[in-house]
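Working through the structure, step by step
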Amino acid sequence: EQRRFYYRAHRWSRIASVALPLPILVLGGLGSWAPDTAPAALVLLVLFYGSNHRFLRYCRKRLGWRFFFKAFLFHFTEMLWASFCVASSLIRRG
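Residues numbered from 1 in each chain as written. Predicted model: local features only at pLDDT ≥ 70, side-chain atom pairs only at ≥ 80, totals over all residues. Heavy atoms only, no water.

Some remarks on the overall build of the chain
Counting its regular elements, the chain contains 6 helices and 0 strands. Mapped in sequence order, the helices and strands of the chain form the string α-α-α-α-α-α. Counting only contacts in the chain whose residues sit at least 6 apart along the sequence, the fraction spanning at least 24 positions is 56%. Surface accessibility of the chain: about 7500 Å² in total, with carbon and sulfur atoms responsible for 67%. (Helix = DSSP H or I, 4+ residues; strand = E, 2+ residues; numbered from the N terminus. Contact = heavy atoms within 4.5 Å. Areas by Shrake-Rupley, 256 points an atom, 1.4 Å probe, with all protein chains shown as cover.)

Here we look at the environment of Arg60
The topology assignment puts Arg60 in helix H5 (residues 53-63). Sequence spacing of Arg60 and Ala71 is 11 residues, and the spatial spacing of their C-alpha atoms is 8.9 Å. Each residue touching Arg60, except ones within four places of it in the same chain, is listed here: Trp65 and Phe68.

Here we look at a positive patch on the surface
A surface patch of positive charge is lined by Arg11, Arg54, Arg57 and Lys61. Exposure remark for Lys61: the relative accessible area of 62% places this residue in the exposed category. (Patch = residues over 30% accessible without salt bridge, like charges linked within 9 Å, V, L, I, M, F, W, Y side chains within 5 Å. Salt bridge = Lys/Arg side-chain N within 4 Å of Asp/Glu carboxyl O. Lys, Arg positive; Asp, Glu negative; His and termini not counted. Charge placed at Lys NZ, Arg CZ, Asp CG, Glu CD. Buried < 20%, exposed > 50% of the residue type's maximum accessible area, 1.4 Å probe, protein only.)

Brief notes about the layout of surface pockets
The calculated volume of the largest pocket comes to roughly 200 Å³. Taken together, 13 residues line the largest pocket, and the ones lying closest to its centre are Arg11, Arg14, Ser51, Asn52 and Phe55. Looking at the lining of the largest pocket residue by residue, the classes come out as 2 nonpolar, 7 polar and 4 charged. (1 Å grid on protein atoms, 1.4 Å probe; cavity = no way out; pocket = protein on both sides within 12 Å on 5 of 7 lines; lining within 4 Å. Points joined across faces, edges and corners; volume = space filled by probe spheres on them. Nonpolar A, V, L, I, M, F, W, Y, C, P; charged D, E, K, R; others polar.)

As for the confidence of the model for the chain
Close inspection of predicted coordinates is inappropriate in any region flagged by low pLDDT. In the predicted model, the chain carries a mean pLDDT of 86, and the fraction of residues at 70 or more is 88%. Ranking the elements of the chain by mean pLDDT puts helix H1 (residues 2-9) last, at 58, and helix H4 (residues 38-51) first, at 93. (pLDDT = per-residue confidence, 0-100.)

Notes on a nonpolar patch on the surface
A cluster of nonpolar residues, Leu22, Val26, Leu30, Trp33, Trp81 and Phe84, forms a patch on the protein surface that exposes about 690 Å² of accessible area. Element by element, the count of residues in the nonpolar patch is highest for helix H3 (residues 21-30), at 3 residues. Summarising the element assignment, Phe84 is placed in helix H6 (residues 65-93).

In structure tokens:
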């Protein structure tokens, strides 16, 4: 069971899920000052969705579109928090 968890936790999709939310927010925020960054934020958002599409599709099939959007926002926020935690631990390590 631990081996299965290890393999799921270290998939490329999981790593991308943690790495993408912060750049998405930064590029999206810069989009109001530099409109040419908005397409990059959209591309990264599509990549974030693509790395989590199985989970999100399950949410949509199980409880509908409204739950899908709630799950997407929650998962994005969760992965954003995880990226802050990773960055913080890397900064503290030196």
